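The residues making up each chain are set out below.
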Amino acid sequence: MNILVTGGAGFIGSNFLHYEIENHPEDRFVNLDLLTYAGNLDSLASIEGKPNYRFVKGDICDRELLYSLFREEDFDIVVNFAAESHVDRSITDPDIFVRTNVLGTVTLMDASKEFGVKRFHQISTDEIYGDLPLERKDLLFTEDMPYNASSPYSASKASAELFVKAYGRTYGLDISISRCSNNYGPYQHPEKLIPNTIIKALNDEKIPVYGDGLNVRDWLYVEDHVRAVDMMIRNGHSGSICNIGGHNEISNIELVKDLLDCLGKPHSLINFVKDRPGHDRRYAINADKLEREAGWRPLTQVQEGIKRTVSWYLENEDWWKRII
Ligand SMILES: NC(=O)c1ccc[n+]([C@@H]2O[C@H](COP(=O)([O-])OP(=O)(O)OC[C@H]3O[C@@H](n4cnc5c(N)ncnc54)[C@H](O)[C@@H]3O)[C@@H](O)[C@H]2O)c1
């Protein structure tokens, strides 16, 4: 099969490409990435030059480029990771989120239907559900819950999903959507909570924590996410929408303390800062549907995943130093 991966130079896309090239050497992968501040070809150095891998620098909003690439490559599957992904940036500059996350997705689907792609998979997020109250531990996101996005980022991802579903229904495009919780692991940009904490702690700098630090997220090791996407694109049925989550709910403050303990650094580095506007309180995922449909379960416990991630950032200083 010939598979187009967009945003493959980003955090999750690069982990997906590593996983796919190792596990599916019979398939061919084209990585289309604009290389924004978040894209980094260093993350793909070990697969550069593989005969079944091609990198194309380009924008998912560029219709002419897409049509010429789709004509040339005759893709079977498209997996759309490309996005603006940082909530803080969406608050200061929402426009680019609408452009990339909504218009880019629509343009990619136009090319997919024009050139007979057999499956268009949209990488979405649990943030489209909005948040859950901290005190209702019994409540989890399920796929039938309504869209209730809080940030410009999550609003753009929810809008993209509406278009994906509409393209399935109106044009008969074969689509699927995965809604994953917070990912962590190798190759995550230093602006995100876990790498930012590790790097600041290593430099003995103050670590900013929003508000009271009690906001809860469900953390999933990135390899578990890419394995779930692999199962959905290869075995999942058309129109399927599935949550992906780790059953690892942790508050931001607990997580930062765990990271500091792992690095042998004092909790006095923590610096509470003014809360993010519209900050979601709690995310928690029910991923039973994907388990039922594809037999998927997360394999990495958070304690183990955190240790592996800290080791990776310690062993790959060159990678993150070049970015910062
Ligand atoms: N990181 C998470 O915890 C998380 C959780 C759930 C879902 N997601 C979703 O997963 C996907 C990947 O997230 P990530 O954390 O790897 O993001 P990232 O910011 O690390 O990577 C995004 C990639 O997309 C590329 N890109 C941006 N605009 C582009 C454009 N117009 N054309 C082509 N390429 C473009 C960037 O260069 C970058 O390589 C996103 O769709 C995001 O919404 C992320």
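Treat the numbers as computed from the prediction; the structure is a model and nothing was measured.

Cut-offs and rules
Per chain, residues are indexed from 1 in the order of the written sequence. The predicted origin of the model limits local features to residues at a pLDDT of at least 70 and limits the giving and counting of side-chain atom pairs to 80 or more, whereas totals for whole chains, interfaces and linings rest on all residues. Runs of H or I in DSSP of at least four residues are treated as helices and runs of E of at least two as strands, each being numbered from the N terminus. The size measure is the radius of gyration over C-alpha atoms, and the globule rule it meets is 2.2 Å times the number of residues to the 0.38 power. The exposure scheme places C-beta atoms from the backbone and then counts, for each residue, the other C-beta atoms within 10 Å of its own, assigning buried at 20 or more, exposed at 12 or fewer, and partly exposed in between. By definition, residue pairs are in contact when their C-beta atoms, positioned from the backbone, come within 7 Å. The C-beta atom of each residue is placed using the backbone, and any residue whose C-beta lies within 6 Å of a molecule or strand is treated as near it. Amino acids are sorted into nonpolar (Ala, Val, Leu, Ile, Met, Phe, Trp, Tyr, Cys and Pro), charged (Asp, Glu, Lys and Arg) and polar (every other residue, Gly among them). Connectivity within a nonpolar core runs through C-beta atoms within 7 Å, and the core itself is a set of buried Ala, Val, Leu, Ile, Met, Phe, Trp, Tyr and Cys residues. Two strands pair if DSSP finds at least two bridges between them. Note on method: axes are straight lines fitted to C-alpha atoms, helices fitted across the in-contact stretch only, with angles between N-to-C directions ranging 0 to 180 degrees.

**Quick look at the overall build of the chain**
Next up, step 1: Within the chain one finds eleven helices and twelve strands.
Next up, step 2: In terms of overall size, the chain behaves like a compact globule, its C-alpha atoms giving a radius of gyration of 19 Å where 324 residues would be expected to give roughly 20 Å.
Next up, step 3: The principal-axis extent of the C-alpha atoms belonging to the chain is close to 55 × 45 × 40 Å.
Next up, step 4: Relative to its 324 residues, the chain shows a buried fraction of 46%.
Next up, step 5: Of the contacts made within the chain by residues no fewer than 6 positions apart, 84% connect residues no fewer than 24 positions apart.

**Focus: the site of the ligand**
Next up, step 1: Of all residues adjacent to the ligand, which total 29 residues, the nearest are Gly 7, Gly 10, Ala 38, Gly 39 and Ala 83.
Next up, step 2: Listed by contribution, the elements that provide at least two residues to the shell around the ligand are helix H1 (11-23), helix H4 (94-114), strand S5 (119-125) and strand S7 (182-184).
Next up, step 3: For the shell around the ligand, the element with the highest residue contribution is H1, accounting for three residues.
Next up, step 4: In the shell around the ligand, the residues fall into 13 nonpolar, 13 polar and three charged.

**A look at the nonpolar core**
Next up, step 1: Grouped together as the largest cluster of nonpolar side chains are 78 residues, with contacts concentrated most on Val 5, Val 78, Val 79, Phe 81 and Val 229.
Next up, step 2: The element that contributes the greatest number of residues to this core is helix H7 (residues 222-235), accounting for six residues.
Next up, step 3: Residues in contact with Val 78, not counting those within four places in the same chain, are Leu 4, Leu 108, Ser 112, Val 117, Phe 120 and His 121.

**With respect to the sheet that holds S5**
Next up, step 1: The seven strands lie next to each other as S3-S2-S1-S4-S5-S6-S10, forming an open sheet whose pairing is parallel. Looking at strand neighbours, the two that pair on one side only are strand S3 (53-57) and strand S10 (241-244), the edges of this open sheet. Between one strand axis and the next, the sheet turns by 20 degrees as a mean value, whatever way the strands run.
Next up, step 2: Strand direction decides the pairing type here: strand S4 (residues 77-80) and S5, joined by four bridges, are parallel. Counted as the bridge partner of Val 79 is His 121 from S5.

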